[in-house]
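Remarks on the overall topology
For reference, the chains in residue letters:
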Amino acid sequence: MEGILRGAGRRARLTGELVAFPHTIFALPFAIIGMLLGSGGRPTLWQVVWIVLAMVGARTAAMSFNRIADRRLDALNPRTAGRPLPSGRMPSGTAWVVLALSVALFIGAAAALSLLCLALSPVALGIVLGYSYTKRFTSLSHLVLGMSLAIAPVGAWLAVAGPASWAPVVLAGAVVSWTAGFDIIYACQDVSFDRSHGLRSIPARLGIAPALRISSALHASMVLLLLALPLAAPGSGLGILYLAGVIVVAGVLLYEHSIVKPDDLSRVNLAFFTLNGWVALLLCGAVIIEQQI
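Keep in mind it's a predicted model, so treat the numbers as computed, not measured.

**Quick word on the nonpolar core**
Buried together is how nonpolar side chains tend to be arranged in soluble globular proteins. Formed by 61 residues in total, the largest nonpolar core has its most connected members in Phe30, Ile33, Trp178, Met222, Leu229, Tyr242 and Leu283. Listed by contribution, the elements that provide at least two residues to this core are α2 (24-39), α3 (45-69), α6 (92-113), α8 (141-161), α9 (167-187), α12 (208-232), α13 (240-258) and α14 (268-292). Among the elements that make up this core, the one with the highest residue count is α9 (eleven residues). Beyond its immediate chain neighbours, meaning those up to four positions away, Met222 contacts Phe30, Ala174, Ser177, Trp178, Leu253 and Val279. In this structure, Ala54, Ala95, Ala109 and Ala124 belong to the second largest nonpolar core, which totals 19 residues.

**Topic: the pattern of salt bridges**
Considering all chains together, one arrives at four salt bridges under this definition. In this structure, the salt-bridge partner of Asp70 is Arg136, at a minimum N-O distance of 3.0 Å. Taken together, the positions of Asp70 in the loop between α3 and α4 (71-76) and Arg136 in the loop between α7 (115-130) and α8 put the pair 66 residues apart, joining distant regions of the chain. Taking the relative accessible area as the measure of exposure, Asp70 reaches 14% and is therefore buried. Residue Arg136 is classed as partly exposed on the basis of its relative accessible area, which comes to 30%.

Here is what the cut-offs are and how they apply
Residues numbered from 1 in each chain as written. Predicted model: local features only at pLDDT ≥ 70, side-chain atom pairs only at ≥ 80, totals over all residues. Heavy atoms only, no water. Core = buried A, V, L, I, M, F, W, Y, C linked by side-chain atoms within 4.5 Å. Buried < 20%, exposed > 50% of the residue type's maximum accessible area, 1.4 Å probe, protein only. Helix = DSSP H or I, 4+ residues; strand = E, 2+ residues; numbered from the N terminus. Contact = heavy atoms within 4.5 Å. Salt bridge = Lys/Arg side-chain N within 4 Å of Asp/Glu carboxyl O.

Listed below in structure tokens is the structure:
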């Protein structure tokens, strides 16, 4: 029994490492924002449950498929060679099982939410799974990743309100700009590898310094779209506390760009993981507080 438990624990750890489960912090807060704004702060318990399960299912499917698609490239890159699939610590068959289960979870949760969500689920899967191949043919893969994360708030909004307004489109635009901006920063680490293996990214195409300027512009666009959100959703209750949250988020993004330099990428992980996690949590917290007042 002890050996069985140890084996199960090891498989669970490898699965968590495969799909980088802590990165859920990037998308989940925005799914919650979309749910709260779409429902006027009054989602049902089952809506909350199914939205969270749908988000986790879609994200797990996206990450597991990305690891499967990139396993040979990951094995060649010293930064990623230690991941479960390229290192041989997890067989590819296990990753395929994780993918199949997560796709089933996403489709099942979408069906439980509404017929509209079920009908749109193949489109969402096409985007989140298709992203994995975009670096092979376009430098704009960062925007496709942004679209993948933007599905979370839009899907949550549609699940509770239907296609009622343009407000979720504004929120989605903010998420696309934010995600593409921080993904460009992250891609700066792999410029040499990407160029030598025919992979496309904005840093690989334009160089690190121009790429960081584009990232800054995208994050400025995110802030502008967040400021416009109350105008797009006049009945959402977004007021002074939300605007204060957006200002704080802008400050975090400014700090993020101040610590990443073209000649010093040593703090990319702090910028990518920690600070962007705070961006999502701060904004979600501001919306939750506004909805409760």
